[in-house]
2 protein chains.
Amino acid sequence: MMQENSINPFTVYFSLNNGLSDTKNPISRHLSDMKGMYYDNEAFDKMMENGNPLTYDFYDLEMPETDGDLAFGTSVTYPGKVGMEYFMTKGHFHTILDTAEVYYCIGGIGYMLMENPEGDWDIQVLTPGKAVYVPPRYAHRSINIGNEPFITFYTFRADAGHDYGTIETKGFRKLVLEQNGNPIVVDNPKWK
Amino acid sequence: MMQENSINPFTVYFSLNNGLSDTKNPISRHLSDMKGMYYDNEAFDKMMENGNPLTYDFYDLEMPETDGDLAFGTSVTYPGKVGMEYFMTKGHFHTILDTAEVYYCIGGIGYMLMENPEGDWDIQVLTPGKAVYVPPRYAHRSINIGNEPFITFYTFRADAGHDYGTIETKGFRKLVLEQNGNPIVVDNPKWK
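Residues numbered from 1 in each chain as written. Chains lettered and ligands numbered in written order. Predicted model: local features only at pLDDT ≥ 70, side-chain atom pairs only at ≥ 80, totals over all residues. Heavy atoms only, no water.

Student: Would you mind showing me how to read the side chain of B:His94 here?
Tutor: Residue and element names in this part refer to chain B. Its location among the elements puts His94 in the loop between β6 (85-86) and β7 (101-107). Only 2.9 Å separates the side chain of His94 from the side chain of Thr99, close enough to count as a polar contact. Residues contacting His94, with those up to four places away along its chain left out, are Thr99, Ala100, Glu101, His140, Phe156, Ala160, Gly161 and Asp163. (Helix = DSSP H or I, 4+ residues; strand = E, 2+ residues; numbered from the N terminus. Polar contact = N/O pair within 3.5 Å; in protein donor to acceptor, adjacent residues only side chain to side chain. Contact = heavy atoms within 4.5 Å.)

Structure, rendered in structure tokens:
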């Protein structure tokens, strides 16, 4: 029996140069969408006075939300900082916590910051050609530590869902800041 | 509760230039591994007399086979032909038939040939930057229709499994042959 919401084979183009599709619109997160997520609220407010820069783009192709389907697309985190903190994605757990995600880096340099409810955390550096495995149960956030767009191609189970609320409330255990021109990983003093 | 066979985050490098990892060994399929899978047995035997060329490489990272984990890696199908038929992968169904796969092309030009048990078939051309969605239930085969390696990065549910036997016995409904320098898709007269 075919699943009721099964779909036909299809292709989508995501440029290996800038990560963007020529036919699909990304979901764009500007700085205003990130209110309260960066450590330095003062730097955030000051930056907002001078505009509302695009911080990252990603895609939601609205795949059938079954455990046999997959969601995929690109994530493009643009270079920049709020105070000393690098531009980053909100980061999220999957609603179905025991589901993994794979990211394949095709441009730029960045970190994948990860933590699970059991208290484990991890950070992996990504450069073009590096794939990172985000195991089941790990919240994950992309962080651009370079000067060009940090671009990844991601795939996850289409029914996994996104739990953004937990990170919005608690934050990640770790922050990635620039110090003397280099990224450092520090404890998040605001972590709940 | 953590799943018993859960694993930690990790990265693996797969070159965006040639698709190969610097730390993992690929599974290599030489022409001899493909006996009986090409249409023209005579051309196959003749080609084998002059050596046993490498036809494709892919990776098995031996991920935990749960429905929450993902398997991933690259597939590199090398250029060449057996008679008029382009070098290709064996192709397979997933043992858990209702599981999808995503391929993102990073090099070369090729086809993804697909068919399901219900009698639907499809073929999609892939060039760098194109992602193809192989929906649940679709057997899939990579075919190199160009002159350089056809390279894709793939992800699928780690417990999906590989059913090679069905294709080895029945073949695909369609063949991709070169005619006057161009690829054509024809019915497979040997299809059972």
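Student: For this particular structure, what's the right way to read the sheet that holds strand β8 (residues 101-107) of chain A?
Tutor: Strand pairing in a sheet takes place through backbone hydrogen bonds and is either antiparallel or parallel in direction. Read across the open sheet, the seven strands follow the order β2(A)-β3(A)-β4(A)-β13(A)-β8(A)-β11(A)-β1(B); overall the sheet is antiparallel. Each edge of the open sheet is held by one strand with a lone partner, namely β2 (27-30) of chain A together with β1 (10-13) of chain B. The average angle at which neighbouring strand axes cross in this sheet is 20 degrees, direction not considered. As judged from the four bridges shared by β8(A) and strand β11 (residues 130-134) of chain A, these two strands associate in the antiparallel manner. If you follow A:Val102 over to β11(A), its bridge partner there is A:Tyr133. (Pairing = 2+ DSSP bridges. Axes fitted to C-alpha atoms, helices over the stretch in contact; angles between N-to-C directions.)

Student: Mind showing me how you'd approach the nonpolar core here?
Tutor: Counting 104 residues, the largest nonpolar core has A:Phe14, A:Phe72, B:Phe14 and B:Phe72 as its most contacted members. The residues contacting A:Phe72, other than those within four sequence positions of it, are A:Phe10, A:Phe14, A:Leu61, A:Met63, A:Phe153, A:Tyr154, A:Thr155, B:Val102, B:Ala131 and B:Tyr133. (Core = buried A, V, L, I, M, F, W, Y, C linked by side-chain atoms within 4.5 Å. Buried < 20%, exposed > 50% of the residue type's maximum accessible area, 1.4 Å probe, protein only.)

Student: Can you help me understand the sheet that holds strand β10 (residues 121-126) of chain A in this one?
Tutor: Residue and element names in this part refer to chain A. Strand order in the open sheet made by the three strands is β10-β9-β12, with antiparallel pairing throughout. Of all strands in the sheet, those bounded by a partner on one side alone are β10 and β12 (139-144). Across the sheet, the mean angle separating the axes of adjacent strands is 20 degrees when strand polarity is ignored. Of the pairings in the sheet, the one linking strand β9 (residues 110-115) to β10 comprises six bridges and is antiparallel in character. Note that in β10 the partner of Glu115 across the bridge is Trp121.

Student: How should I be thinking about the interface of chain B and chain A in this particular structure?
Tutor: By a widespread convention, an interface's size corresponds to the accessible area lost as its parts come together. With 48 residues of chain B at the interface, the matching set in chain A holds 48 residues. Taken together, chain B and chain A are joined by two salt bridges. Where B:Arg157 meets A:Asp67, a salt bridge forms, and the shortest distance between an N and an O atom there is 3.7 Å. Linking chain B with chain A are 16 residue pairs in polar contact (both at pLDDT 80 or more). Those elements that place two or more of their residues in the side of chain B that touches chain A are β1, β4 (70-77), β7, β9 (121-126), β10 (130-134) and β12 (150-157) of chain B. Looking at side-chain class alone, the side of chain B that touches chain A contains 29 nonpolar, 10 polar and nine charged residues. Examined bridge by bridge, β11(A) and β1(B) share four bridges and lie antiparallel to one another. Bridging across to β1(B), A:Val132 finds its partner in B:Thr11. (Salt bridge = Lys/Arg side-chain N within 4 Å of Asp/Glu carboxyl O. Nonpolar A, V, L, I, M, F, W, Y, C, P; charged D, E, K, R; others polar.)

Student: In this structure, what is going on with the packing of aromatic side chains? I would like to understand it.
Tutor: How two aromatic rings sit relative to each other is given by the distance of their centres and the angle of their planes. Counted under the stated rule, the structure contains 20 aromatic pairs over all chains. Taken together, a centroid distance of 5.1 Å and an interplanar angle of 70 degrees make the contact between A:Phe14 and A:Tyr59 edge-to-face. With A:Phe14 in the loop between β1 (10-13) and β2 and A:Tyr59 in the loop between β3 (54-58) and β4 (70-77), this pair connects stretches of sequence that are 45 residues apart. Among the residues examined, A:Tyr59 registers a relative accessible area of 4% and is labelled buried. Measuring from centroid to centroid gives 5.9 Å for A:Tyr133 and B:Phe72, while their planes differ by 10 degrees, and the two rings are stacked. Here the residue A:Tyr133 occupies a position in strand β11, and B:Phe72 occupies one in strand β4, the pair thus bridging two chains. For the pair A:Tyr133 and B:Phe72, one class covers both residues: buried. Site record: aromatic cluster; members linked through ring pairs are A:Phe10, A:Phe14, A:Tyr59, A:Phe72, A:Phe153, B:Tyr104 and B:Tyr133. In this arrangement the basic side chain of B:Lys90 is found over the ring face of B:Tyr164, its NZ or CZ atom lying 6.0 Å from the centre. (Phe/Tyr/Trp six-rings, centres within 6.5 Å; stacked < 30°, edge-to-face > 60°. Lys NZ or Arg CZ within 6 Å of the ring centre and 35° of its normal.)

Student: Any chance you could explain the environment of B:Gly91 here in plain terms?
Tutor: Residues and elements named next belong to chain B. Looking at where Gly91 falls in the secondary structure, it is placed in the loop between β6 and β7. A relative accessible area of 2% means that Gly91 is categorised as buried. Separated by 52 residues in the primary sequence, Gly91 and Ile143 place their C-alpha atoms 9.6 Å from one another. When sequence neighbours within four positions are dropped, the list of residues in contact with Gly91 reads His140, Arg141, Tyr164, Ile167 and Phe172.

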